[in-house]
Amino acid sequence: MASGERARYWQYPELPGVDLLHAHYVRKAFARHTHETFVFAAITEGVEAFHHHDDLVHAGPGQIALVNPDTPHTGHAGVPEGWTYRTIYPDAEIVRSIAADTLALRGSVGFTSPVVDDPYAARLVVGVHRAAEEGNALAADSLLRLVTARLLRSHGGPITPLPPRSAGARNAARAREVLEGRMAEPPTLERLAAELDTSPFALLRSFREAYGMPPHTWLTDARVRRARQLLDAGVPPAEAAAVVGFTDQSHLNRHFTRSVGVPPGAYQRARGGGKRARPGGAGSPGGSGLSGGPGCLGGSG
């Protein structure tokens, strides 16, 4: 990492379904990407800037960057000195269960603003980290639930169902299915459009409207996400690169680091995947000091 940049990404075994990141970045810039989890990123110093959909927003001390699952976003420093943050990545099912338990909200829930000014909630996020660092499972779990309920109550709610899909939206969904199924050997845009009986430019437009990025960018993000699943299962990085369609491991390393913030090998060791693949190895699910974190906003990281 650049001089002065530091990050620790880890999991606390007593908080299943939650990843944690504590990082300071100056020159780090994260490519447009998505997460399968929610992102709660509490800024403690400096300013982070990030594109959320098509808007450039900023988050500073006492504010929290909130990103819903599958929402395209980037991340970079908003001031010369960079930014420091503590981030929680709770699984979507955890957030849904807390919403149902505390607010009687059923079904899909999410947040309406990418940045909220809530110093108390930011302190709760920091408290989750510190409790995890101290091995205080009761406090970590309690604070996680408190901050999630508070954020949902003040800045979240049910996600409005999408209107009936247009022909373009249906083509975008079908294109996504094709790319997911043929990730290692995807068709060209022209061939993909021909298979869907549409034009390349019409498909480009509808795909971007549906998923916030063009097909080739979405495919790179999807490959990284699939690689993460393989690494979690203990698949070696070089093998994972081949399975998802990257040219070689260095190709995976470049895109993985731009989206996740840490090289595949370091990610696998922190998640414990390397340990499962090679018994007796150095991987540990309990924590790891790394030279990078999992994403821009707390991959908003």
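Residues numbered from 1 in each chain as written. Predicted model: local features only at pLDDT ≥ 70, side-chain atom pairs only at ≥ 80, totals over all residues. Heavy atoms only, no water.

Caption draft 1: Looking closely at the overall build of the chain. Within the chain, the secondary structure is distributed over 12 helices and 13 strands. Of the contacts made within the chain by residues no fewer than 6 positions apart, 73% connect residues no fewer than 24 positions apart. (Helix = DSSP H or I, 4+ residues; strand = E, 2+ residues; numbered from the N terminus. Contact = heavy atoms within 4.5 Å.)

Caption draft 2: Seen up close, the packing of helix α7 (residues 215-232) against helix α8 (residues 237-244). Between α7 and α8, whose axes approach to 9 Å, the crossing angle comes to 140°. Classified by the angle between their axes, α7 and α8 sit oblique to one another. Considering how the two elements wind past one another, α7 and α8 form a crossing that is right-handed. In this structure, α7 uses R223, R226, A227, L230 and L231 to contact α8, whose residues at the interface are P237, A240, V243 and V244. Of the residues in the contact of α7 with α8, the class split is seven nonpolar, no polar and two charged. (Axes fitted to C-alpha atoms, helices over the stretch in contact; angles between N-to-C directions. Parallel < 35°, antiparallel > 145°, perpendicular 65-115°, else oblique. Left-handed = near helix turned anticlockwise from the far one by under 90°. Nonpolar A, V, L, I, M, F, W, Y, C, P; charged D, E, K, R; others polar.)

Caption draft 3: Structural view of unusual backbone geometry. The backbone of H53 shows a phi angle near 60°, a positive value even though the residue is not glycine. The partly exposed category is assigned to H53, whose relative accessible area is 42%. At D197, a residue that is not glycine, the phi angle is positive and equals roughly 60°. By the secondary structure assignment, D197 is in the loop between α5 (189-195) and α6 (200-211). (Buried < 20%, exposed > 50% of the residue type's maximum accessible area, 1.4 Å probe, protein only.)

Caption draft 4: Structural detail: empty space enclosed by the protein. This model, assessed by the stated rule, comprises one cavity of 30 Å³ or more. There is about 40 Å³ of room inside the largest cavity. Lining the largest cavity we find 10 residues, and of these H33, T34, V224, R228 and V260 sit closest to its centre. Looking at the lining of the largest cavity, the elements with two or more residues in it are α7 and α9 (249-260). Element by element, the count of residues in the lining of the largest cavity is highest for α7, at four residues. (1 Å grid on protein atoms, 1.4 Å probe; cavity = no way out; pocket = protein on both sides within 12 Å on 5 of 7 lines; lining within 4 Å. Points joined across faces, edges and corners; volume = space filled by probe spheres on them.)

Caption draft 5: Seen up close, the sheet that holds strand β6 (residues 55-59). Sheet architecture is open: four strands sit in the order β3-β8-β5-β6, paired in antiparallel fashion. The open sheet has two free edges, formed respectively by β3 (30-33) and β6, since each of these has just one partner strand. Averaged over all neighbouring strand pairs, the angle between strand axes comes to 20°, with direction disregarded. With five bridges connecting them, strand β5 (residues 48-52) and β6 associate as antiparallel partners. (Pairing = 2+ DSSP bridges.)

Caption draft 6: A look at the layout of surface pockets. Estimated volume of the second largest pocket: approximately 290 Å³. As for the second largest pocket, its lining consists of 17 residues, of which D19, E36, T37, R228 and R271 are closest to the centre. Mapped onto the lining of the second largest pocket, the elements with two or more residues apiece are β2 (18-25), α7 and α10 (264-271). Among the elements that take part in the lining of the second largest pocket, α7 stands out by supplying four residues, more than any other. Residues belonging to the lining of the second largest pocket are distributed by class as follows: four nonpolar, six polar and seven charged.

Caption draft 7: Focus on α7. The end-to-end C-alpha separation of α7 is 26 Å, in line with the 26 Å expected for 18 residues at 1.5 Å each. Most of α7 is tucked away, with 13 of its 18 residues classed as buried. A positive phi of about 95° marks G234, the residue just after α7. (Expected span 1.5 Å × (residues − 1).)

Caption draft 8: A look at the packing of aromatic side chains. Within the structure shown, the criterion is met by 10 aromatic pairs. Note on Y9 and Y267: the rings are 5.9 Å apart at their centroids and 5° apart in plane angle, and the pair reads as stacked. Of this pair, Y9 sits in strand β1 (residues 6-10) while Y267 sits in helix α10, placing them 258 residues apart in sequence. Under the relative-accessibility criterion, Y267 is labelled buried at 0%. (Phe/Tyr/Trp six-rings, centres within 6.5 Å; stacked < 30°, edge-to-face > 60°.)

Caption draft 9: Fine view of α8. Looking only at α8, the buried set comprises P237, A240, A241 and V244. Relative to the axis of α8, the buried residues are bounded by an arc of 105° and lie together on one face. One or two residues past the end of α8 sits G245, with phi positive at roughly 105°. (Arc of directions from axis to C-beta.)

In short, geometric facts, not functional conclusions.
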